Amino acid sequence: MSVKNLCTSRTGGREIDRSEYADAVEENNQRYQENQQLYRKRQEINEHIFGTIKRQWGYNHTNLTGLEKVNGEHSLIMLVYNIKRSINILGVPDLIDKLKKWKSPYKNKGCFSFKTSYYSYYNGFNEKELPIAA
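Cut-offs applied
- Residues numbered from 1 in each chain as written.
- Predicted model: local features only at pLDDT ≥ 70, side-chain atom pairs only at ≥ 80, totals over all residues.
- Heavy atoms only, no water.
- Helix = DSSP H or I, 4+ residues; strand = E, 2+ residues; numbered from the N terminus.
- Buried < 20%, exposed > 50% of the residue type's maximum accessible area, 1.4 Å probe, protein only.
- Contact = heavy atoms within 4.5 Å.
- Areas by Shrake-Rupley, 256 points an atom, 1.4 Å probe, with all protein chains shown as cover.
- Phe/Tyr/Trp six-rings, centres within 6.5 Å; stacked < 30°, edge-to-face > 60°.
- Core = buried A, V, L, I, M, F, W, Y, C linked by side-chain atoms within 4.5 Å.

### Comments concerning the overall build of the protein
For the protein, the count of helices and strands is five helices and two strands. Counting helices and strands in the order they occur from the N terminus, the protein gives α-α-α-α-α-β-β. Out of the 134 residues in the protein, the part that is buried amounts to 16%. In the protein, the proportion of contacts linking residues at least 24 apart, taken out of those at least 6 apart, comes to 30%. Approximately 12,100 Å² of the protein is accessible, and the part contributed by carbon and sulfur atoms is 53%.

In structure tokens form, the structure reads like this:
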């Protein structure tokens, strides 16, 4: 007795497609199920960075094309994020002090300076120049 008509009205029968990446997706799901705490920790540490850059800063796409240019643009965005984070943690004066004391392991290719101006509630208006070798 044929039961095909209970499953489908298509004369050719049913087709099931499986993605070429299905095995990798299943492996990833298995790793996630075995290490849920690790994945949650990763979300706490890493994912908020990209959320901040995309949602708060509005960088949800790149303006350049080509892998080298996009990597450069992404590197600049990450540099700015790291500088802003350092300022939020250390404050401008401490960050400048640490940069002055930093001994770079790289050869000097040139020198430039940052001129910073900021207002301190206790000290009033401050202006500092920070020469940096790069």
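Having seen the model, we can carry on.
### Quick word on the packing of aromatic side chains
Overall, the coordinates contain two aromatic pairs when judged by the stated rule. The interplanar angle of 75° and the centroid separation of 5.3 Å between the aromatic rings of Y32 and Y39 together place this pair among those described as edge-to-face. The exposure class assigned to Y39 is partly exposed, which follows from its relative accessible area of 24%.

### What about the nonpolar core?
Membership of the largest hydrophobic core is limited to five residues, which are I49, I53, I77, M78 and Y81. It is helix α4 (residues 67–90) that contributes the most residues to this core, three residues altogether. Non-local contacts of I49, meaning those with residues more than four positions away in its chain, are made with M78 and Y81.

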